[in-house]
Amino acid sequence: GAWLELSCLVTSRDKLAQLDLPEHWCRHIFLAHTYLELQQNEQAVEIYFGLSKAGLADSTYIMAQVAIAFHNMRQVDQAVTYFKQLGEVDPYRLDNLDTYSNLLYVKEQRVELAHLAHRTNMIDKYRTETCCVIGNYYSLRSQHEKAVVYFQRALKLNPGYLSALTLMGHEYMEMKNTHAAIQSYRQAIEVNRRDYRAWYGLGQTYEILKMPFYCLYYYKQAQELRPSDSRMLVALGESYEKLDKTQDAMKCFWKAHCVGDIEGGIALLRLGRLYDRTNDTDQAAAAYNQYIIETEAQGITDRDLDSYYLKQDMLNEAYEFAMKCPEFADVREEAKALLKEIASRRGVGREGGESGSVLGDDAQNSVIASRLRPHLVQNSPAAGTLSPRRDLEPVNLNFTP
């Protein structure tokens, strides 16, 4: 108990490093628990694995903590596996099952979540975890009013229950009750200022209310708690973009790409559009190409790339990417217009005898495609005679968001 109370007082990584702790096996459990609270999940998992090898492999507490760490790292499948093992070892254990229900919610596993809600209700319907599991079940079924009722019931049982406060804030957001959402998130922050979900939720709420300075502040707080989470960096970059702080926005989007964009490459897409807006068309094209290489959903980016190539009078490249756009409904009409313009320019080029930028189907490809998408291009002896292009350059990261 004393170790856990001490953990609550450690509010930063620096404070944890300054502690002079006695050499005792409880020290390792304390450090792992505190690392988990400070979102240093990799270090926590390493300690818990060491404790498991030392003879605590059957400890349900350690199994649950490892599952929570994987949940925080968004390694959903591994977290679910640990929670299933936990259920097999102790089927009547309700601790941390609210986190398990969050995972099932994210995976949209309605049947499993329904079984979990029924099981927890049969074991003890007056536990906060049970109320949160049932609330998540109703939320997944889009019955947000019922979900709020169960989250409120959890808070009656334990007014400081952090999970219920943040989840209730999410439900109020779904119901478009921004005032109630703000109240829930603020209460969650009062309970635990290290809960990045509450800070992030407040940022989203103020973003909906079109108050960019407020959402910038809250996104900064969330990003400090989760410095390697690309979602926080993208949200921060979007806030800077709305405030016309383009350079700061670029740094955020680039860093989001570097730490690993978990939202399907949206950071590169945003970065490319900012380069396009600042007339740095070479870097914009490099960002769009990198996005295409890393993702399969190319509809939006292909539109941006074919527009860039058309501006540069590189009609073969423009045609290649424009041909992919009609597969996507939201850019189909724009793609047809671009294809007509490309055909028109090709006609003008042939009539005027200008063949420098209009290559036939069997002709050699340009160096721009060779550098940015090498698997599309064959080697050509003439490629070295063309002017080289820049690859996507890293943004100066001296700025710390």
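Up top is the structure.
Quick caveat: nothing in here was measured; it's all calculated off a predicted structure.

1. A short note on the packing of aromatic side chains
1) Next: The tally for this structure, following the rule as stated, stands at 10 aromatic pairs.
2) Next: On the numbers, 5.7 Å between centres and 35 degrees between planes, the contact of Phe70 with Tyr82 is tilted. One end of the pair, Phe70, is in helix α5 (residues 60-72); the other, Tyr82, is in helix α6 (residues 76-89), with 12 residues separating them in the sequence.
3) Next: On the basis of relative accessible area, Tyr82 is assigned to the partly exposed category, the value being 21%.
4) Next: On the basis of an interplanar angle of 10 degrees and a centroid distance of 5.4 Å, the ring pair of Tyr206 and Tyr218 is categorised as stacked. Remark: Tyr218 occurs in helix α14 (residues 212-225) and Tyr206 occurs in helix α13 (residues 196-208); sequence separation between them is 12 residues.
5) Next: Exposure remark for Tyr206: the relative accessible area of 8% places this residue in the buried category.
6) Next: Residue class for Tyr218 comes out buried when judged on its relative accessible area of 7%.
7) Next: Taken together, the ring pairs in this structure connect Trp199, Tyr206, Tyr214, Tyr217 and Tyr218 into an aromatic cluster.
8) Next: Directly above the ring of Tyr150 sits Arg153, whose terminal nitrogen or CZ lies 4.7 Å from the centroid.
9) Next: Of note, Arg226 hangs over the ring of Tyr196, and the distance from its end group to the ring centre comes to 4.5 Å.

2. Thoughts on the environment of Gln109
1) Next: Structurally, Gln109 is set in the loop between α7 (97-106) and α8 (110-123).
2) Next: Apart from the residues within four sequence positions on either side, Gln109 is in contact with Leu104 and Leu140.

3. Some details on the pattern of salt bridges
1) Next: On inspection of all chains with the given rule, the structure shows 11 salt bridges.
2) Next: Between Arg270 and Glu238 there is a salt bridge, and its shortest N-O distance comes to 2.9 Å. Taken together, the residues Arg270 in helix α17 (residues 266-277) and Glu238 in helix α15 (residues 230-242) connect sequence positions 32 residues apart.
3) Next: The buried category is assigned to Glu238, whose relative accessible area is 16%.
4) Next: In this structure, Glu241 engages Arg277 in a salt bridge whose closest nitrogen and oxygen atoms are separated by 2.9 Å.

4. Examining the environment of His33
1) Next: Mapping His33 onto the fold places it in helix α3 (residues 25-37).
2) Next: It is 9.3 Å that separates the C-alpha atoms of His33 and Tyr48, two residues lying 15 residues apart in sequence.
3) Next: Among residues more than four places away in sequence, those in contact with His33 are Leu4, Ser7, Tyr48, Tyr61 and Gln65.

5. Thoughts on the packing of α14 against α15
For any two helices packed against each other, one specifies the crossing angle of their axes together with the interaxial distance.
1) Next: At a minimum axis separation of 9 Å, α14 and α15 run at an interaxial angle of 155 degrees. Considered as vectors, α14 and α15 are oriented roughly antiparallel to each other. At the point where α14 passes α15, the crossing takes the left-handed sense. On α15, the residues that touch Cys215, Leu216, Tyr219, Lys220, Ala222 and Gln223 of α14 are Met232, Leu233, Ala235, Leu236, Ser239 and Tyr240.

6. Points about α3
1) Next: The terminal C-alpha atoms of α3 lie 19 Å apart, and with 13 residues this matches the ideal 18 Å at 1.5 Å per residue to within 8%.
2) Next: Every buried residue belonging to α3 is among Cys26, Ile29, Phe30, Leu31, Ala32, His33, Thr34 and Leu36, and all of these are buried.
3) Next: Those residues of α3 hidden inside the fold are in contact with α1 (2-9), α2 (13-18), α4 (41-56) and α5.
4) Next: Count one or two residues on from α3 and you reach Gln39, which has phi positive near 65 degrees.

7. As for the environment of Arg27
1) Next: When you line up the elements, Arg27 lands in helix α3.
2) Next: With 24 residues separating them along the chain, Arg27 and Trp3 place their C-alpha atoms 8.1 Å apart.
3) Next: Not counting residues within four places of it along the chain, the set of residues in contact with Arg27 comprises Trp3, Leu21 and Pro22.

8. Remarks on unusual backbone geometry
1) Next: The phi dihedral of Arg74 is positive, around 60 degrees, even though this residue is not glycine.
2) Next: Among the structural elements, Arg74 can be located in the loop between α5 and α6.
3) Next: A relative accessible area of 44% places Arg74 in the partly exposed class.
4) Next: You will see that Lys210, though not glycine, has its phi angle at about 60 degrees, which is positive.
5) Next: Structurally, Lys210 is set in the loop between α13 and α14.

9. Let's talk about the nonpolar core
1) Next: Within the largest apolar cluster, 96 residues are counted, with the highest numbers of intra-cluster contacts made by Tyr48, Phe83, Tyr100, Leu113, Leu116, Cys132 and Leu202.
2) Next: Sequence-distant contacts of Phe83, that is, excluding residues within four places in its chain, are made with Ala67, Ile68, Asn96, Thr99, Tyr100 and Leu103.

10. Details of the side chain of Arg194
1) Next: For Arg194, the position within the fold is in the loop between α12 (178-191) and α13.
2) Next: Here Arg194 falls in the buried class, since its relative accessible area comes to 10%.
3) Next: Within the structure, Arg194 has its side chain in polar contact with the backbone oxygen of Val10 (distance 2.5 Å).
4) Next: Leave out the neighbours within four places in its chain, and Arg194 touches Ser7, Cys8, Val10, Thr11, Glu37, Leu38 and Leu225.

Procedures and definitions
- Residues numbered from 1 in each chain as written.
- Predicted model: local features only at pLDDT ≥ 70, side-chain atom pairs only at ≥ 80, totals over all residues.
- Heavy atoms only, no water.
- Phe/Tyr/Trp six-rings, centres within 6.5 Å; stacked < 30°, edge-to-face > 60°.
- Helix = DSSP H or I, 4+ residues; strand = E, 2+ residues; numbered from the N terminus.
- Buried < 20%, exposed > 50% of the residue type's maximum accessible area, 1.4 Å probe, protein only.
- Lys NZ or Arg CZ within 6 Å of the ring centre and 35° of its normal.
- Contact = heavy atoms within 4.5 Å.
- Salt bridge = Lys/Arg side-chain N within 4 Å of Asp/Glu carboxyl O.
- Axes fitted to C-alpha atoms, helices over the stretch in contact; angles between N-to-C directions.
- Parallel < 35°, antiparallel > 145°, perpendicular 65-115°, else oblique.
- Left-handed = near helix turned anticlockwise from the far one by under 90°.
- Expected span 1.5 Å × (residues − 1).
- Core = buried A, V, L, I, M, F, W, Y, C linked by side-chain atoms within 4.5 Å.
- Polar contact = N/O pair within 3.5 Å; in protein donor to acceptor, adjacent residues only side chain to side chain.

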